[in-house]
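Observations on the model geometry
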Amino acid sequence: MRFLLRRLGFYLVAAWASITLAFFIPRLMPGDPASAMFARFRGRLSPEAIVALRRAFGFSEAPLWKQYAQYLAHAARGDLGISISYYPATVGSVIGQALIWTVLLSGVAVLISFVLGTALGMLGAWKRGGWLDSYLPPVLTLLGAFPYFWLAMAALFIFGFGLGWSPLRQAYDDRLVPSLSWAFLASVVQHAVLPGATIVIATAGGWMLSMRSTMINVLSQDYVLFAHAKGLSSRRIMLQYAARNALLPNVAGFGMALGFVLSGSLLTEIVFSYPGQGYLLFRAVKSLDYPLIQGLFLTTTLAVLGANWLVDVVALWLDPRSRS
Amino acid sequence: MTALGQLLANRKALVGLCILALFGGLALIGPLLVGDPSDFVAVPLLPPSAAHWFGTTGQGQDVFAQTVAGARGTLAVAFLVGLTVLLLGALVGTVAGYFGGWIDEGLGLLVNLFLLIPGLPLAVVIAAYLPAGPGTITLVLVVTGWAWTARVIRASALSLRQADFVSAAMVSGESHLRVILFEILPNMLPLLASSFIAAVTYAIGAEVGLEFLGLGDLERVSWGTNLYWASNDVALPSGSWWTFVPTGVAIALVGFALALLNNGLDQFGNPQLDPERAFLRATGRKRLQLSAATPVLRKSQSHG
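Summary of the structure given here. Model, not experiment: these values are computed from the prediction.

**So, the overall build of chain B**
Along the backbone of chain B there are 12 helices and 0 strands. Taking contacts inside chain B between residues at least 6 apart in sequence as the whole, the part at least 24 apart equals 68%.

Below, the structure written as structure tokens:
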């Protein structure tokens with residue numbers, strides 16, 4: 001429990017640091033990006049809206065610390081300003097609609113990739129020199145060398161445009177109204193399979209290789225030898241003696257790699273015009289929608305921090321040593 | 001055998017080095033051979049032919065010329081980022097690992113923060129405010145990429161710090177700077193090399209990703225902007241696979257070569273890593289019986 005609280009404290013510091021980064025980055029830039037940013041609003045927003053936006057970002061005549069306090073207060077309330085490209089929607093509501101799709105697509109894909117890669121790594125190390133161990137790692141390493149979004153382009157080209165097996169864009173058929181009906185859910189799944197599969201293929205190799213190497217390490221431990229000598233079934237030795245111990249460093253690595261993997265899957269969304277955070281980021285960059293870019297940075301970071309805390313909980317559950 | 005000879009005897013490292021040398025040469029002299037890659041030379045979206053080996057883009061530029069010229073644009077930035085990340089990571093890592101105490105605590109917190117914050121959104125936040133171009137991309141990639149290197153090097157510096165020869169050097173009155181530069185860093189050479197390779201790999205991927213997002217200088221030819229144009233023109237719906245396949249394959253080949261080289265370096269710098277293969281090679285056997293234990297079973301039990 002104390003461990004979890006300490007980690008929670010660290011994530012709170014991290015959250016504060018990223019919010020602060022988002023505040024200082026525009027102010028550290030050469031020239032006057034704040035004015036440039038607000039110049040873009042002119043003619044598109046009413047003067048009152050610009051004043052409100054300036055206040056939300058803390059850009060005012062007040063001294064820096066006052067601006068900072070103002071900004072923190074707004075950020076704490078979840079007020080991230082107004083989006084330029086989706087005017088008059090607030091950044092919060094625009095991101096809110098997109099976040100669910102990213103959590104759905106990337107969350108599920110990353111979990112599948114981790115479970116699949118770890119299982120493959122476990123089996124590969126267990127049967128060293130077998131076909132799984134000899135052929136799969138080089139293939140996955142080669143696939144992992146392609147940028148995620150390039151694999152997505154290739155997959156979309158072959159299975160979407162070429163064979164017509166997969167829908168080409170969006171998260172669901174736009175003739176359907178979002179509801180909890182079978183038709184709608186089926187359409188969502190249909191649209192998510194191809195982007196999800198490219199994320200899994202691009203990332204599973206990494207999990208497989210790291211699981212394989214820790215597993216090989218664990219297999220040479222004396223307690224595994226002893227388990228063999230006791231005559232335990234190999235299934236039990238593999239799963240409960242070797243894999244469980246080999247899993248620990250991998251779970252810790254999972255949290256570390258989450259931000260990196262998420263960055264890749266955001267780019268995958270762009271290829272499929274999947275209406276999540278990544279696609280939003282693309283639109284925001286195109287129209288230089290600074291409030292939206294900052295909001296996306298903050299929500300993505302907070303999501304990664306939250307996921308890391310969950311990873312800590314899982315690691316604690318896996319490792320009795322850290323519980324005492 | 002010299003160190004280089006030993007490294008070249010490793011087949012993986014050799015293949016990796018050859019591919020890298022090919023692309024390095026392409027980056028150095030390639031742009032001189034293919035002419036201006038931005039020229040409009042033919043009808044848009046021509047399939048590969050004798051005149052245009054890789055076909056033409058949606059704007060009628062030669063894809064082969066763009067792929068070759070893109071090597072320079074991309075690899076130059078990646079190399080620069082790799083070097084800067086290595087220097088910064090080595091500085092932070094050795095200082096934190098060597099001095100320990102509150103310096104280590106503070107730097108460690110900073111490193112962990114940057115490891116946690118997802119790189120792409122942070123990179124976009126910074127890059128969006130700066131003029132598009134290779135300078136911005138380099139800066140952004142260094143900011144988002146240094147922490148991993150620093151973490152790895154810190155761990156190594158921490159363990160070297162406890163080594164006897166380092167204590168001896170400190171007792172004999174060597175300055176901190178000298179101990180770090182002449183005792184600790186030279187003993188990390190394999191780690192520094194693999195960190196550099198990892199940083200370059202990261203830089204290529206992230207650079208291509210940022211440019212694909214549209215944050216690069218779109219007038220400049222590089223692998224990332226090639227893919228940006230390929231996806232924004234009508235390449236996919238019109239079936240023009242040649243607009244994005246050559247660039248992607250080039251990126252993957254370089255990434256794969258870097259992975260091979262890293263793997264080879266690993267085996268070379270750490271022979272313990274694969275003792276079984278060394279054993280098999282020395283004894284000429286094909287397989288190693290992993291479980292050397294004989295199960296002790298009662299008659300009623302069966303081995304499963």
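There is more to say after this.
**Structural notes on the interface of chain B and chain A**
Counting residues at the interface gives 45 residues for chain B and 51 residues for chain A. Listing elements by their share of the side of chain B that touches chain A, those giving two or more residues are α4 (101–116), α5 (119–129), α9 (189–213), α10 (223–232) and α11 (245–269) of chain B. Looking at the side of chain B that touches chain A, the element that brings in the most residues is α5(B), giving 9 residues. When its residues are assigned to classes, the side of chain B that touches chain A shows 32 nonpolar, 12 polar and 1 charged.

**Comments concerning the nonpolar core**
Note that soluble globular proteins tend to have their nonpolar side chains buried in a common cluster. Counting residues in each nonpolar core, the largest one holds 163 residues, and the members touching the most others are M215(A), I293(A), A123(B), V124(B) and A203(B). Ignoring any residue separated from it by four or fewer positions in sequence, one finds V124(B) in contact with L281(A), V285(A), I293(A), L213(B) and L215(B).

**Some remarks on unusual backbone geometry**
It is generally the case that most residues other than glycine have a negative phi and that most peptide bonds are trans. Residue and element names in this part refer to chain A. In this structure, S273 takes a positive phi of about 45 degrees despite not being glycine. Tracing the backbone shows S273 in the loop between α10 (234–271) and α11 (277–286). Judged by C-beta crowding, with 14 C-beta atoms within 10 Å, S273 ranks as partly exposed.

**Side note on the packing of helix α3 (residues 63–99) of chain B against α9(B)**
Residues and elements named next belong to chain B. Running from amino to carboxyl end, α3 crosses α9 at an angle of 135 degrees, the nearest separation of the two axes being 8 Å. By the angle between their directions, the pair α3 and α9 is classed as oblique. Classified by chirality, the crossing of α9 by α3 is right-handed. Here T74, V77, A78, F79, V81, G82, V85, L86, G89 and A90 of α3 come into contact with α9, specifically with L192, S195, F196, A199, V200, A203, I204, E207 and V208. Residues belonging to the contact of α3 with α9 are distributed by class as follows: 14 nonpolar, 4 polar and 1 charged.

**Here we look at the environment of V124(B)**
On the secondary structure map, V124(B) appears in helix α5. Along the chain, V124(B) and F196(B) lie 72 residues apart, while their C-alpha atoms are 24 Å from each other.

**Observations concerning α4(B)**
With 16 residues, α4(B) extends 22 Å from end C-alpha to end C-alpha; this agrees with the ideal 22 Å at 1.5 Å per step. Of the residues making up α4(B), those classed as buried are V111(B), F114(B) and L116(B). Of the surrounding elements, those touching the buried residues of α4(B) are α1 (2–28), α10 and α12 (290–318) of chain A together with α3 and α6 (134–161) of chain B.

**Structural notes on the environment of A14(A)**
Secondary-structure assignment places A14(A) in helix α1. Along the primary structure A14(A) and T301(A) are separated by 287 residues, whereas in three dimensions their C-alpha atoms are 9.0 Å apart. Those residues in contact with A14(A) that lie beyond four places of it in its chain are L305(A), L113(B) and L116(B).

Cut-offs applied
- Residues numbered from 1 in each chain as written.
- Chains lettered and ligands numbered in written order.
- Predicted model: local features only at pLDDT ≥ 70, side-chain atom pairs only at ≥ 80, totals over all residues.
- Helix = DSSP H or I, 4+ residues; strand = E, 2+ residues; numbered from the N terminus.
- Contact = placed C-beta atoms within 7 Å.
- Nonpolar A, V, L, I, M, F, W, Y, C, P; charged D, E, K, R; others polar.
- Core = buried A, V, L, I, M, F, W, Y, C linked by C-beta atoms within 7 Å.
- Buried ≥ 20, exposed ≤ 12 C-beta atoms within 10 Å, placed from the backbone.
- Axes fitted to C-alpha atoms, helices over the stretch in contact; angles between N-to-C directions.
- Parallel < 35°, antiparallel > 145°, perpendicular 65-115°, else oblique.
- Left-handed = near helix turned anticlockwise from the far one by under 90°.
- Expected span 1.5 Å × (residues − 1).

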